[in-house]
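Residue-level structure breakdown
One-letter residues, chain by chain:
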Amino acid sequence: IPLSVILYKTHKSALLEGIDNKLLTAAYCIEDILPANYHDRIIDKNSVPTKAYLGIVDTYNKLCVTLGLQYLWSLMIVNDQLVFTSGTSTGKDVTKGDHALFFDVHTNPDAYKKAFITMHVQYSTFHDQWGAGRMVLIPKYDSKGRRYLLASSMSVNDVNTMVWKTMRNSLIISVIILVLGFVLSFVLASLLSKPIIRLTVIAKEIAGGNLHQKTERRGPLEFRNLS
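Because the structure is a prediction, the values reported are computed rather than measured. Position labels on residues start from 1 in each chain and follow its written sequence. The predicted origin of the model limits local features to residues at a pLDDT of at least 70 and limits the giving and counting of side-chain atom pairs to 80 or more, whereas totals for whole chains, interfaces and linings rest on all residues. Note: side-chain values were computed over all heavy atoms of the structure, leaving out hydrogens and water.

1. With respect to the overall build of the protein
Along the protein, the regular secondary structure elements total 5 helices and 5 strands. The way it works is that DSSP assigns letters per residue, a run of H or I at least four long becomes a helix, a run of E at least two long becomes a strand, and they are numbered from the N terminus. Listing the helices and strands of the protein from first to last along the sequence gives α-α-β-β-α-β-β-β-α-α. Within the span of the protein, comprising 227 residues, buried residues form 35% of the whole. Counting only contacts in the protein whose residues sit at least 6 apart along the sequence, the fraction spanning at least 24 positions is 60%. The classification of residues rests on relative accessible area computed with a 1.4 Å probe and restricted to protein chains. Under 20% of the type maximum is buried, over 50% is exposed, and intermediate values are partly exposed. By the convention used here, residues are in contact when the closest approach between their heavy atoms is within 4.5 Å.

Structure follows, in structure tokens:
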């Protein structure tokens with residue numbers, strides 16, 4: 001059990017690190033997907049044409065499907081409000097319209113406070129109307145000094161599934177090691193007990209008066225001395 005726990009914690013840590021690195025890379029990709037100086041040109045809800053915005057959402061959808069991500073999105077603080085500047089469709093189909101609209105006000109701004117205060121990359125788990133997942137936030141400044149961030153997430157269910165697989169694999173490895181340990185112990189015990197049994201039989205024969213006994217002097221020093 002202790003070995004299984006150690007393996008599980010080690011694998012889980014490596015798994016989460018891999019997920020976070022994947023999310024970080026995906027979040028940085030947003031900057032390349034968005035048009036040049038995208039956030040610099042944002043003033044109000046009319047700053048980005050609907051057709052152009054839907055093109056961004058469609059690209060996000062395809063990237064999420066390819067990489068197995070939940071969402072890609074970006075947010076910006078405008079007039080003390082946190083608004084969406086890009087988003088992903090829940091069903092990964094832009095025609096369904098189940099994505100955050102450009103300049104929609106985010107309903108859970110508290111989840112982003114730390115990132116905007118520290119302006120450092122943040123990893124965390126979130127729960128809001130868009131779902132629940134593991135996310136990475138990359139805060140930035142535009143040319144006017146306004147704060148915005150790039151974000152990516154993976155479904156908590158996907159993460160939990162991976163963690164459970166890690167636990168299962170850890171248990172399997174532990175059971176295999178345990179079985180191999182038993183087999184090895186049995187073989188070693190057999191190798192050690194056979195010379196003792198042989199000497200015991202000879203000792204009984206001698207005790208019964210049959211003094212014409214032979215034994216091989218081999219094995220560890222203690223066995224050779226007893227022989």
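2. Observations regarding a nonpolar patch on the surface
Only residues above 30% relative accessible area that lack a salt bridge enter a patch, with like-charged residues linked at up to 9 Å and the nonpolar side chains Val, Leu, Ile, Met, Phe, Trp and Tyr linked at up to 5 Å. Accessible areas in this description were obtained via Shrake-Rupley with a 1.4 Å probe; residue shielding takes into account the shown protein chains only. The term salt bridge refers to a pairing of a side-chain nitrogen on Lys or Arg with a carboxyl oxygen on Asp or Glu at a separation within 4 Å. On the surface, a cluster of nonpolar side chains totalling about 470 Å² of accessible area is made up of Val175, Val179, Val183, Phe186 and Val187. Counting through the fold element by element, Phe186 comes out in helix H4 (residues 156-207). Using a relative accessible area of 63% as the deciding quantity, one classes Phe186 as exposed.

3. Some remarks on the packing of aromatic side chains
Two aromatic rings, drawn from Phe, Tyr or Trp (for Trp, its six-membered ring), form a pair once their centres lie within 6.5 Å of each other, and the interplanar angle then sorts them: stacked below 30 degrees, edge-to-face above 60, tilted otherwise. Enumeration according to the criterion identifies 2 aromatic pairs in this entry. Taken together, a centroid distance of 5.5 Å and an interplanar angle of 40° make the contact between Phe102 and Phe103 tilted. The same class applies to Phe102 as to Phe103, namely buried. Following the ring pairs from residue to residue traces out a cluster consisting of Tyr53, Phe102 and Phe103.

4. Here we look at unusual backbone geometry
Even without a glycine there, the phi angle at Asn37 is positive, about 55°. Within the fold, Asn37 resides in the loop between helix H1 (2-33) and helix H2 (50-67). Not every positive phi belongs to a glycine, and Asn79 is a case in point at roughly 55°. Relative to the helices and strands, Asn79 resides in the loop between strand S1 (71-78) and strand S2 (81-86).

5. Comments concerning the environment of Val78
Turning to its location among the elements, Val78 is positioned in strand S1. Sequence separation between Val78 and Val105 is 27 residues; the distance between their C-alpha atoms is 9.8 Å. Excluding residues within four positions of it along the chain, Val78 makes contact with Ile43, Val83 and Phe103.

6. Considering the pattern of salt bridges
Pairing is possible between side chains of opposite charge, provided their charged atoms come close. Applying the stated criterion to the full structure yields 5 salt bridges. Ionic pairing is found between Asp58 and Lys62, a salt bridge with its closest N-O pair at 3.3 Å. Of the two residues, Asp58 and Lys62 both sit in helix H2, 4 residues apart, roughly one turn of that helix.

7. Description of the confidence of the model for the protein
Per-residue pLDDT for the protein has a mean of 85; in total, 83% of the residues score no lower than 70. Think of pLDDT as the predictor's per-residue confidence, scored from 0 to 100. For the protein, per-element mean pLDDT is lowest for helix H5 (residues 221-226), which scores 70, and highest for S2, which scores 97.

8. Here we look at the pairing of S2
Summarising burial for S2: 5 of the 6 residues are buried, a large majority. The pairing criterion for strands is at least two bridges between them, as found by DSSP. Both S1 and S2 contribute to a ladder of 5 bridges, which runs antiparallel. From the neighbouring strand, Leu75 faces S2, where its bridge partner is Phe84. What sits between S1 and S2 in their antiparallel hairpin is a turn of 2 residues, with Asn79 showing a positive phi close to 55°.

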